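Chain residues, written in single-letter form:
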Amino acid sequence: MRETVDILGVAVDKISAGSAQKKAERYLRTPGLSVIFTPNPEIIMAAHEDPAFKEVLNSADICTPDGIGVVYASKMIHNPVPERVPGFDLTCGLLQSISKTGEGVFLFGAKPGIAETAKEKLQEKYPGLVVSGTHDGYFTDDDNTRIIKEINDSGAKLLLVCLGAPKQEKWIYAHKDELQVQLAMGVGGALDVFAGNVKRAPQFFIKCNLEWLYRFIKQPSRLRRFSALPKFMLAVKKSIKS
Ligand code: UDP
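What counts, and where the lines are drawn
- Numbering of residues starts from 1 in every chain and runs along the sequence as written.
- Confidence filtering applies because this is a predicted model: local features only for residues at pLDDT of at least 70, side-chain atom pairs given and counted only at 80 or more, and all residues used for totals across whole chains, interfaces and linings.
- Only hydrogens and water are removed before side-chain values are computed, so all heavy atoms of the structure are retained for them.
- Elements are defined by DSSP. Helices are runs of H or I of four residues or more, strands are runs of E of two residues or more, and each kind is numbered from the N terminus.
- Each residue gets one of three labels from its accessible area relative to the maximum for its type: buried under 20%, exposed over 50%, partly exposed in between, using a 1.4 Å probe on protein chains only.
- When we say a residue is near a molecule or strand, we mean one of its heavy atoms is within 4 Å of it.
- Polar contact is the term for a pair of N or O atoms within 3.5 Å; when the atoms are in protein, one must be able to donate a hydrogen and the other to accept it, and sequence-neighboring residues count only if both atoms are side-chain atoms.
- Reported accessibility uses the Shrake-Rupley method at a 1.4 Å probe radius. Residues are deemed covered only where the shown protein chains occlude them.
- For this scheme, ten residues count as nonpolar: Ala, Val, Leu, Ile, Met, Phe, Trp, Tyr, Cys and Pro. Four count as charged, namely Asp, Glu, Lys and Arg, and the remainder, Gly too, count as polar.
- By definition, residues are in contact when any of their heavy atoms lie within 4.5 Å.
- For this document, the term salt bridge refers to a Lys or Arg side-chain nitrogen within 4 Å of an Asp or Glu carboxyl oxygen.

Describe unusual backbone geometry, listing the residues and the values that go with them.
With an omega of 0°, the peptide bond between Ala165 and Pro166 qualifies as cis. The topology assignment puts Pro166 in the loop between strand S7 (158-162) and helix H8 (167-174). Although it is not a glycine, Leu8 adopts a positive phi angle of roughly 50°. In this fold, Leu8 is placed in the loop between strand S1 (4-7) and strand S2 (10-13). By relative accessible area, which is 8% here, Leu8 ends up buried. With phi around 60°, Asn209 is a residue other than glycine that occupies positive phi space. Residue position: Asn209 is located in the loop between helix H10 (203-207) and helix H11 (211-218). Overall, Asn209 belongs to the partly exposed group, its relative accessible area being 26%.

Structure follows, in structure tokens:
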């Protein structure tokens, strides 16, 4: 049974990182496609303003609370999630797990060449990891049939879709009936981090829930995106009153 908290109309799972990983591992061995999204405040805010995107997020099997803002919002609503469950950490846990079982992963997204570099780096980090295939994230609608065939023919069980939000979530939703993988996840810039192009915040920032601050310092051009956070908090506050 899923236990969720409604944050601006998005059902976010009240799930610990450990339970999310166990569930995800179960999905890998369950016939049919399961889907995990990892909404942060920016993504929930976008869904709040785009009903079609909200429907896409709410179609997932799990929406993990990715970002301390989501944890605070659930507290404001008096229906707290147990902890922050970053999509990146969940992905690492899953890759570690399948490196032991031999189930394959397909890396889809990021600029040309990044997924291949991520593949090499991941296979160093997780010896035994089977990367069944890779494809960059710059394509046209005409390429979809070919890309889906590549994914299905690769025999991968896990598909990481890294096209940024909301493109990755909408892509998975649009093609859910054609995909033959067991689990698809939308995990944004993860391939850039795996490839070593973008650095994840040092542990200190992660532990203090300041990963967002580190990303901002490193990429001040993200300012417009960070402005979604106060907007999100205000919208949550307003939703409690109404
Ligand atoms: N991207 C892509 N295709 C597109 C647009 C973006 O593959 O049409 C990739 C982009 O290269 C980057 C990722 O999607 O690797 C988005 O990264 P971002 O940091 O924006 O994602 P976040 O983790 O913040 O959601």
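Still to come is the rest of the account.
Give me the site of the ligand: which residues, what numbers.
The full set close to the ligand counts 15 residues, and Gly137, Lys167, Gly189, Asp192 and Arg225 are the nearest of them. One nitrogen or oxygen atom from the main chain of Ala110 is found 2.9 Å from an oxygen atom belonging to the ligand. Backbone polar atom of Cys162 to an oxygen atom of the ligand: 3.2 Å apart, as the coordinates give it. The protein chains hide 77% of the 550 Å² of surface that the ligand would expose on its own. Residue composition of the shell around the ligand, by class: four nonpolar, five polar and six charged.

Describe the side chain of Ser97, listing the residues and the values that go with them.
Along the chain, Ser97 falls in helix H5 (residues 87-101). Assessed through its relative accessible area of 14%, Ser97 is described here as buried. Looking at Ser97, its side chain comes within polar contact range of the side chain of Glu25, at 3.1 Å. Not counting chain neighbours up to four residues away, the residues in contact with Ser97 comprise Gln21, Glu25 and Arg29.

Explain the pattern of salt bridges to me, using residue names and the numbers behind them.
Here the idea is simple: oppositely charged side chains can pair when their charged atoms come close. Scanning the model with the defined rule gives eight salt bridges in all. For Asp13, the salt bridge goes to Arg2, with nearest N and O atoms at 2.7 Å. With a gap of 11 residues between them, Asp13 in strand S2 and Arg2 in the segment before S1 connect regions that are remote in the sequence. What makes Asp13 buried here is its relative accessible area of 1%. Of the charged contacts, one joins Arg146 and Glu150 as a salt bridge, the two residues approaching to 3.0 Å between their closest N and O atoms. Note that Arg146 and Glu150 are positioned in helix H7 (residues 144-154) at a spacing of four residues, about one turn of the helix.

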